[in-house]
Amino acid sequence: MCDGVVSDEPGACPKCGMALERNPAYVATKMYTCPMHPEIREDHPGACPFCGMALEPVAASAAQEDDNAELRDMTRRFWFGLALTIPVLVLSMGMVVPGLGGFLQSLGHGTIAWAQLVLSTPVVLGAGWPFFVRGGRSLITRHLNMFTLISLGTGAAYLYSVVATIFPFVFPVSMNGGMPELYFESAAVITVLVLLGQVLELKARAATGKAIQALLGLAPKTARRVNDDGSEVDIPLEEVHVGDRLRLRPGEKVPVDGSVLEGQSAVDEAMLTGEPIPVAKEKGSAVTGGTINGTGTLVMKAEKVGNDTVLARIVQMVGAAQRSRAPVQRVADTVAGYFVPAVMACAVLTFIAWVWLGPEPRFSHALVSAVAVLIIACPCALGLATPMSIMVGVGRGAQLGVLVKDAEALERLEKIDTVAIDKTGTLTEGKPTLTHVATSPGMAENDLLRLAASVESSSEHPLAAAIVVGAHLRNIKPVAVEGFASITGQGVSGRVEGRQVTVGRTDASVPEALATQAAVLRKEGHMVFFVSVDGTVAGLLAVTDPIKSTTPTAIAALHGLGIKIVMLTGDHAETAQRVADKLGIDQVEAGVTPEKKRDVILKLKESGAQVAMAGDGVNDSPALAAADVGIAMGTGTDVAMESAGVTLVKGDLGGLVRAIKLSRATMKNIWLNLFFAFIYNGVGIPVAAGVFYPIFGWTLSPMFASAAMALSSVSVIANSLRLRHAAVET
């Protein structure tokens, strides 16, 4: 029913409420959305049907800042309006200027009135025409917004002045000695000031996108492809395909995600990790698009291109988060829903009160006060309060390696008082190594390790990789496995050389010597796995995973923020407690399966805690989803990142500290913005209505009302932009 409404996902039409239908003929080239109402999706630029704000591209592009047509249009309108408004002000107020007053008086009131009409009409109806279009649309759709008040206020002042100029005889003689007051200068100045506010707002919104622009700028424009015949050619990045061989020369940016085929070098991955120390790369090493090659030459294989690269996913996540709505926005939405009709009613009552009780010329005072109420109560500052802070905060997070999936996660993070943390890959490096092999009588160490490595070679778990690598270092080659099975949190099993082999926990009887050795190893912080062959425990493997160097500092910082830390791990209680004691962790839940991790999270929530869960593996996904806020390590699995509301690119808990500080700074910023908006309207409307006139003689010109309205928006924008420099580093 509603042409022009296009969405990239199922849902209801924001205009009529009908379910959206799939259009197979439609190909989305560039979608536009509203920063205040992200549910709006249209395939062309325009204005939001709810709030009237200009729509922005959904997908950021490197040229977006240079292609801001709305900003260019509003800037032209502002300068055009300003050029014509200055002479209108001179004609209106020049009588009080020595030397100029006599000249203007000689022209006569009628000539000056017609001159103001001619000069102000292009300002109000030309430069300010978009405001009338949006205001009219708001009345038709019954979504009253800031442009409703602006168009009514300027329209009333302008139309009254036009009638007073063309038909002055229809007004009472008591009005200024028979000559009615004119408000062309008010209508023109209001229009110019609103245009200025729009220009400043659009520039500020463009500034919030600088984080995305910076991320987009990390990707190179071209890549050097190595052809099958050995020749090389530079091609646009868009033409790189999965499987292509690409050459990286010294100092060049990595074009896409992939792995090294030839060569050795060091790659600067600071854009992902924030660490200035380059990372050594050799054959088999993974490289990420946007990182910078060092002094060596590499040949890489393209494995992820286009929107599948890490950099592209980061840009998509940041853009989606900036367009999302925080629950606190409901406060502003609820107020705005009643605010505009209430202001219109207040303006009508103000007009009636001045006509009935005001001094002469009553009609003139009534009109001025009613227009001032409409203009000063413009809720643009209220509408900007939350979206501006969210956009800036999310952009700031991207620069710090904190990727926020949506604004709700950012708001919830501010209330967190308990953090549940997985051990492997979160507190530790996630790069375990095999340290001990022990066997029962009759089983050789190499045979035990060959059987275990054969089964573990089919597993993707980091601990499995440690066993396989340990076997490789001992020149032991895994053999084929049949019937492989993995039971999350329990272990793996399969048939190797005709024998049923299980690696992990065991329900079988453990020989006393192995049990004693396992207890000693666990006290030393090792993880112990029993290897069973045909149902009998044949030995054990011990693996250690070193604690990340950044973990102790991060734990101390979290405690400094008043946050309780709970460690969740599938490890044995003794191993887990050893790590917890070393780090000063408050509570340990050891030997837990993924389902039990989730149960622990739910139990903490039932006790009244606001819980965040930090993890990196598939086994953490249920707990991440159950927590108030799920926090995934960027070095972990895709499943974990999909289940989480926040992703830490660097993959260490220092990012969690930054995320919590950023959340608290953003929410503080939002509430300060809302305070500015509410206090401004709470004070401004009574002054504009003339409540204090009987006591102090205070009235407010519509021009000053429009200036105050613009100042309120500027104050909200300036306060939001402070987040770009918020002190949230660890």
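Heads up: these notes are all about the structure in this document.

How each quantity is defined
Residues numbered from 1 in each chain as written. Predicted model: local features only at pLDDT ≥ 70, side-chain atom pairs only at ≥ 80, totals over all residues. Heavy atoms only, no water. Axes fitted to C-alpha atoms, helices over the stretch in contact; angles between N-to-C directions. Helix = DSSP H or I, 4+ residues; strand = E, 2+ residues; numbered from the N terminus. Parallel < 35°, antiparallel > 145°, perpendicular 65-115°, else oblique. Left-handed = near helix turned anticlockwise from the far one by under 90°. Contact = heavy atoms within 4.5 Å. Nonpolar A, V, L, I, M, F, W, Y, C, P; charged D, E, K, R; others polar. Pairing = 2+ DSSP bridges. Salt bridge = Lys/Arg side-chain N within 4 Å of Asp/Glu carboxyl O. Buried < 20%, exposed > 50% of the residue type's maximum accessible area, 1.4 Å probe, protein only. Core = buried A, V, L, I, M, F, W, Y, C linked by side-chain atoms within 4.5 Å. Expected span 1.5 Å × (residues − 1).

Considering the packing of helix 17 (residues 512–523) against helix 19 (residues 573–583)
Moving on, step 1. Axis separation between helix 17 and helix 19 bottoms out at 7 Å; the angle between their running directions is 20°. Taken together, the axes of helix 17 and helix 19 lie roughly parallel to each other. Relative to helix 19, the crossing made by helix 17 is right-handed. Where helix 17 abuts helix 19, its residues Ala519, Arg522 and Lys523 lie against Glu574, Thr575 and Arg578.
Moving on, step 2. Tallied by class, residues from the contact of helix 17 with helix 19 come to one nonpolar, one polar and four charged.

Let's talk about the sheet that holds strand 5 (residues 245–248)
Moving on, step 1. Across the sheet, six strands lie side by side as 4-3-5-11-6-9; this open sheet has antiparallel pairing. Only two strands of the sheet have a single partner each, and these edge strands are strand 4 (232–236) and strand 9 (286–287).

Considering the pattern of salt bridges
Moving on, step 1. For the structure shown, the criterion picks out 16 salt bridges.
Moving on, step 2. Residue glutamate 232 pairs with arginine 247 through a salt bridge whose shortest N-O separation is 2.5 Å. With a gap of 15 residues between them, glutamate 232 in strand 4 and arginine 247 in strand 5 connect regions that are remote in the sequence.
Moving on, step 3. For glutamate 232, a relative accessible area of 28% puts it in the partly exposed group.

A few points about the nonpolar core
Moving on, step 1. Judged by nonpolar contacts, the single largest core of 56 residues is most densely connected at Ile631 and Val646.
Moving on, step 2. At ten residues, helix 23 (residues 653–689) tops the list of elements feeding residues into this core.
Moving on, step 3. Beyond its immediate chain neighbours, meaning those up to four positions away, isoleucine 631 contacts Leu413, Ala612, Met613, Ala614, Gly615, Leu624, Ala644, Val646, Leu648 and Leu656.
Moving on, step 4. Among the nonpolar cores identified, the runner-up in size contains 53 residues, and Leu71, Val192, Ala347 and Val371 belong to it.

Focus on the side chain of asparagine 293
Moving on, step 1. Along the polypeptide, asparagine 293 turns up in strand 10 (residues 292–293).
Moving on, step 2. Given a relative accessible area of 3%, asparagine 293 falls into the buried group.
Moving on, step 3. In contact with asparagine 293, not counting residues within four places along its chain, are Leu248, Arg249, Pro250, Gly251, Glu252, Ser265, Ala266, Val267 and Leu298.

Structural notes on helix 15 (residues 445–456)
Moving on, step 1. Counted at 1.5 Å a residue, the expected span for helix 15 with its twelve residues is 16 Å, and the 16 Å between its end C-alpha atoms agrees.
Moving on, step 2. In terms of burial, helix 15 is largely enclosed, as nine of its twelve residues are buried.
Moving on, step 3. Taken together, the buried positions of helix 15 are Leu448, Leu449, Arg450, Leu451, Ala452, Ala453, Ser454, Val455 and Glu456.

Observations regarding the pairing of strand 22 (residues 611–615)
Moving on, step 1. Within strand 22, five of the five residues are buried, which leaves the element mostly enclosed by the surrounding structure.
Moving on, step 2. Residues Val611, Met613 and Gly615 point to one face of strand 22 and Ala612 and Ala614 to the other, with burial holding for every one of them.
Moving on, step 3. Pairing analysis gives four bridges linking strand 13 (residues 418–422) to strand 22, with the strands arranged parallel. Bridging across to strand 22, alanine 420 finds its partner in methionine 613.
Moving on, step 4. In this structure, strand 22 lies alongside strand 23 (residues 629–633), joined through four bridges in parallel fashion. Directly across from alanine 614, in strand 23, lies its bridge partner isoleucine 631.

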